[in-house]
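Coordinates in review
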Amino acid sequence: MLQNLMLGFSALASLKAITSLMVGILLGYTVGCIPGISASIGIALLLPFTFGMEPVPALCMLVAVYMASEYGGAIPAILVNVPGVPGAAAAAFDGYPMTQRGEAGKALTLSILGSGAGSFLSTIFLILTAQVMADVALAFGPAEYFALAVLGLSLIVTLSTGSLLKAMIGLLFGLVLTAIGVDPLTGDNRYVVVRGLLDGIPFVPALIGLFALAEVFFMLEIANQPQPKMPTKLSLWSSLGVLNPHWGNVFRSSVIGYIIGVIPGAGAAIASFAAYACEKRLNKGPIPFGEGNPDGVVASETANNAVVCGALAPMLALGVPGSASAAILIGGLMIHGLQPGPLLFTNSPQVPYSIFASLLIGLPIMVVLGLAGARLWVLVTLIPRGVVATMVGALCLTGAYASDNDEFSVAVAVAFGVIGYLLRKVDIQPAPIVLALVLGEMMEINLRRGLISGNNSLMFFLSSPISGSLLVVAALLLFVSLFTRKRAVA
Amino acid sequence: MAAQEQTDGPPPRQPIFREVWGDVTVAIAMLAVAAAFYFGADAIETPQATEIGPRAYPKACSLALAIAAAALLAGAIVRVTKSELGETIAFPRFGAVAIAALITGVVAVTLEDLGFNLVIGVWVLVMCLLGGVRSPLMLVALCGGYLLFAKVVFQLLLKTPLP
């Protein structure tokens with residue numbers, strides 16, 4: 001493991017890689033600070049820029065965007081009560097009251113240092129667990145992979161917010177779309193009505209449309225509303241020791257964030273709320289949670305950053321993304337001809353380990369940029385929404401074209417943008433669709449391989465203890481979720 | 001900084017639907033998608049006629065999608081009969097969003113024929129106007145700035161040819 005980690009550090013030891021890391025961090029902060037532009041959108045927009053890059057700098061840049069956007073999302077949440085990313089919503093509960101009390105600088109320092117500490121601890125967890133997961137997965141066959149995909153998809157549905165049925169519809173819509181293209185086992189054409197669909201729905205343009213272009217339309221809806229007013233005076237460096245009383249909180253929230261990150265579909269918002277609720281129960285201080293308790297800011301920010309590493313673990317080791325952003329990162333790996341999963345650790349260990357190394361190297365840079373650049377990030381949040389929408393939209397169109405150098409990709413992005421916008425209007429979120437697009441092929445290939453091995457018997461999938469257990473857990477989760485939601489409605 | 005429209009006076013009229021009608025629309029659309037994929041699977045030319053061939057998986061998925069969509073439709077119909085129409089789904093600035101979607105669609109079919117600079121330049125200009133930017137200087141700066149950015153980053157640095 002240490003040898004591979006050194007390999008990862010040496011892969012990063014180039015000007016290109018370090019520059020990519022810095023650019024990723026800066027872009028991630030910018031993305032996180034702008035309300036409405038989430039980490040997923042940032043990564044999707046950046047994917048086309050990585051086509052011409054080498055795999056290691058490209059992936060380090062994408063991961064840096066993911067991590068830094070979670071850092072940056074807390075800035076507008078604390079300053080104006082508008083979370084930059086969904087995972088920062090809980091930070092606003094106590095961060096904004098602290099700002100109202102004149103403690104904006106302390107709240108921001110706590111959030112940035114808490115984020116840094118959470119990222120560091122979760123990176124250690126990631127390094128310790130990803131290789132183990134990959135080693136275990138090396139023994140997996142079609143039954144286990146099929147069961148893993150089913151469990152992943154069922155978790156995505158059960159952990160989604162809103163209607164279970166609508167999440168299921170989004171998921172199935174995504175699964176149906178994965179059938180388009182050349183059959184992965186026989187090579188027969190399926191639903192290839194135009195030549196551009198030979199390799200299936202173009203993944204990068206579809207992501208750009210679902211996440212970024214749809215958001216452009218939403219930003220246009222509110223483009224004429226007044227911008228929030230930011231406080232102009234911030235003093236962050238004066239209180240670097242503020243994290244000292246919160247180390248217990250940092251450790252607990254990191255563990256919660258990492259574990260929730262590993263679970264597909266759970267995401268940063270759930271982790272930050274879970275950590276927040278845990279600390280709220282343990283709180284014995286004079287300031288109640290929700291009224292400016294610093295522990296609330298630390299818990300939510302530590303957890304939502306720990307989620308990033310948690311989501312990377314199953315993505316790299318098993319090929320199962322822990323979040324929508326991780327699903328898009330799979331697209332980044334595929335662009336460079338890399339297939340996530342246990343063989344990535346065997347065949348190209350420099351790739352996952354350079355990501356681990358970039359997380360460790362990027363951490364102090366992110367903390368320093370967060371503290372030193374607070375005023376700049378505040379200015380970013382003041383850019384008019386109409387301008388942000390236009391620039392993001394232009395990047396979407398250019399990026400979609402660049403992904404395959406043809407108009408068809410742009411058409412796909414536009415179509416998915418409109419579909420994403422309309423589906424979100426009826427509360428069908430893009431995350432289940434994207435995760436189905438990623439896991440659909442894995443599920444189909446392994447289902448069919450399993451059926452061939454098992455002489456067309458579905459019992460084959462229950463014959464292995466691992467796949468049987470995973471499928472039983474998936475079924476239980478769906479039933480429990482269905483039952484509890486029905487009770488909640490009643 | 002760009003001039004922004006202000007929200008003075010009563011809010012402008014906007015299309016509003018009740019949640020239940022949104023559910024009905026999406027359920028019908030998904031039923032149509034499921035039907036297209038289910039029956040389209042029969043047109044897949046394959047020498048494999050067994051259940052583990054390339055037709056079975058899309059058929060199974062589209063059947064599941066149809067069942068889920070039918071459940072959504074049935075639930076919506078029950079709610080309509082009980083007059084439980086649910087929350088409202090609003091489309092603020094519908095005109096601006098519709099124009100944006102339309103011109104974005106036009107980009108997809110004219111980009112290669114008319115060229116990147118012209119098509120994206122016009123697109124940025126229209127989107128800025130829709131987004132409330134009124135200052136001529138800002139409009140020129142945003143259009144020119146983006147085209148320059150795309151030229152430098154995509155064509156010069158990333159060696160990605162733009163039409």
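Rules and cut-offs
- Residues numbered from 1 in each chain as written.
- Chains lettered and ligands numbered in written order.
- Predicted model: local features only at pLDDT ≥ 70, side-chain atom pairs only at ≥ 80, totals over all residues.
- Heavy atoms only, no water.
- Helix = DSSP H or I, 4+ residues; strand = E, 2+ residues; numbered from the N terminus.
- Buried < 20%, exposed > 50% of the residue type's maximum accessible area, 1.4 Å probe, protein only.
- Contact = heavy atoms within 4.5 Å.
- Areas by Shrake-Rupley, 256 points an atom, 1.4 Å probe, with all protein chains shown as cover.
- Domains from an automatic or database assignment.
- Core = buried A, V, L, I, M, F, W, Y, C linked by side-chain atoms within 4.5 Å.
- Buried area = accessible area lost by both parts, 1.4 Å probe.
- Salt bridge = Lys/Arg side-chain N within 4 Å of Asp/Glu carboxyl O.
- Polar contact = N/O pair within 3.5 Å; in protein donor to acceptor, adjacent residues only side chain to side chain.
- Nonpolar A, V, L, I, M, F, W, Y, C, P; charged D, E, K, R; others polar.
- Patch = residues over 30% accessible without salt bridge, like charges linked within 9 Å, V, L, I, M, F, W, Y side chains within 5 Å.
- Phe/Tyr/Trp six-rings, centres within 6.5 Å; stacked < 30°, edge-to-face > 60°.
- Lys NZ or Arg CZ within 6 Å of the ring centre and 35° of its normal.
- pLDDT = per-residue confidence, 0-100.

**Things to note about the overall build of chain B**
Along chain B, the regular secondary structure elements total five helices and two strands. If you list the helices and strands of chain B from N to C, you get β-α-α-β-α-α-α. For chain B, the proportion of its 163 residues judged to be buried stands at 38%. Relative to all contacts within chain B whose residues are 6 or more apart in sequence, the contacts with residues 24 or more apart total 69%. If you sum the accessible surface of chain B, you get close to 8800 Å²; carbon and sulfur atoms cover 70% of it.

**So, the domain arrangement of chain B**
Parsing chain B into structural domains produces domain 1 (16-90) and domain 2 (94-157). A straight line from the C-alpha centre of domain 1 of chain B to that of domain 2 of chain B covers 36 Å.

**Some points on the nonpolar core**
Residues and elements named next belong to chain A. In terms of nonpolar packing, the biggest core is built from 209 residues, with Tyr29, Leu126, Leu312, Leu316, Phe356, Val392 and Val410 touching the most fellow members. In terms of residue count, the dominant contributor to this core is helix α10 (residues 203-221) (15 residues). Once you skip the residues sitting within four places of it in the chain, Leu126 turns out to touch Tyr258, Cys309, Leu312, Ala313, Phe356 and Leu359. Counting seven residues, the second largest nonpolar core, distinct from the first, contains Ile260, Ala299, Ala303 and Val307.

**Describing the side chain of Ser69(A)**
You can see Ser69(A) is positioned in helix α4 (residues 55-72). Setting aside chain neighbours within four positions, we find Ser69(A) in contact with Gly28(A), Tyr29(A), Val31(A), Gly32(A), Ala39(A) and Val85(A).

**Some words on the interface of chain B and chain A**
Contacts between the two partners involve 72 residues from chain B and, on the opposite side, 61 residues from chain A. Carbon and sulfur atoms make up 75% of the surface buried where chain B meets chain A, a total of about 5600 Å² over both sides. Joining chain B to chain A, the criterion identifies two salt bridges. For Asp23(B), the salt bridge identified is with Lys166(A), shortest N-O distance 2.7 Å. Linking chain B to chain A there are 12 residue pairs in polar contact (both at pLDDT 80 or more). Only α1 (19-40), α2 (56-81), β2 (88-90), α3 (94-114), α4 (116-130) and α5 (136-157) of chain B provide two or more residues apiece to the side of chain B that touches chain A. If one sorts the elements of the side of chain B that touches chain A by residue count, α3(B) sits on top with 13 residues. Considering only residue class, the side of chain B that touches chain A consists of 50 nonpolar, 14 polar and eight charged.

**Section: the environment of Met98(A)**
Residue and element names in this part refer to chain A. Considering the arrangement of structural elements, one finds Met98 in helix α6 (residues 89-100). Met98 gets classed as buried once you look at its relative accessible area, which sits at 0%. It is 9.7 Å that separates the C-alpha atoms of Met98 and Gly290, two residues lying 192 residues apart in sequence. Those residues in contact with Met98, other than ones at most four positions away along the chain, are Glu103, Ala104, Lys106, Ala107, Leu110, Gly292, Pro294 and Val297.

**Focus on a nonpolar patch on the surface**
Residues and elements named next belong to chain A. On the surface, Met1, Phe120, Ile124 and Leu128 cluster together into a nonpolar patch covering about 360 Å² of accessible area. By secondary structure assignment, the location of Ile124 is in helix α7 (residues 104-137). Among the residues examined, Ile124 registers a relative accessible area of 31% and is labelled partly exposed.

**A word on unusual backbone geometry**
Residues and elements named next belong to chain A. You will see that Asn405, though not glycine, has its phi angle at about 55°, which is positive. A positive phi is found at Asn455, a non-glycine position, where the angle reads about 50°. As for its position among the elements, Asn455 is in the loop between α20 (430-453) and α21 (460-463).

**Topic: the pattern of salt bridges**
Counted by the stated rule, this structure contains 13 salt bridges over all chains. Glu215(A) is the partner of Arg424(A) in a salt bridge, and the nearest nitrogen-oxygen pair spans 3.0 Å. Of this pair, Arg424(A) sits in helix α19 (residues 407-425) while Glu215(A) sits in helix α10, and the two are 209 residues apart along the sequence. According to the relative accessible area criterion, Arg424(A) is partly exposed, its value standing at 25%. Bridged by salt links that share partners, the residues Lys166(A), Glu19(B), Asp23(B) and Arg79(B) form one connected network.

**So, the packing of aromatic side chains**
Summed over all chains, the structure comprises 21 aromatic pairs over all chains. Where Phe140(A) meets Tyr145(A), the ring centres are 5.7 Å apart and the plane angle is 75°; that geometry is what we call edge-to-face. A residue is classified by how much of its surface remains accessible, and Phe140(A), at 15% relative accessible area, is buried. Taken together, Phe217(A), Phe218(A), Tyr421(A), Phe17(B), Phe91(B) and Phe94(B) form an aromatic cluster joined through their ring pairs. Across from the ring centre of Phe91(B), 4.9 Å away, lies the NZ or CZ of Lys425(A), which sits over that ring. Its guanidinium or amino end placed over the ring of Tyr38(B), Lys59(B) lies 4.9 Å from that ring's centre, counting from NZ or CZ.

**Some points on the confidence of the model for chain A**
Mean pLDDT over chain A stands at 86; residues scoring 70 or higher make up 96%. Summarising per-element confidence for chain A, the mean pLDDT is lowest in helix α17 (residues 374-380) of chain A (75) and highest in α19(A) (95).

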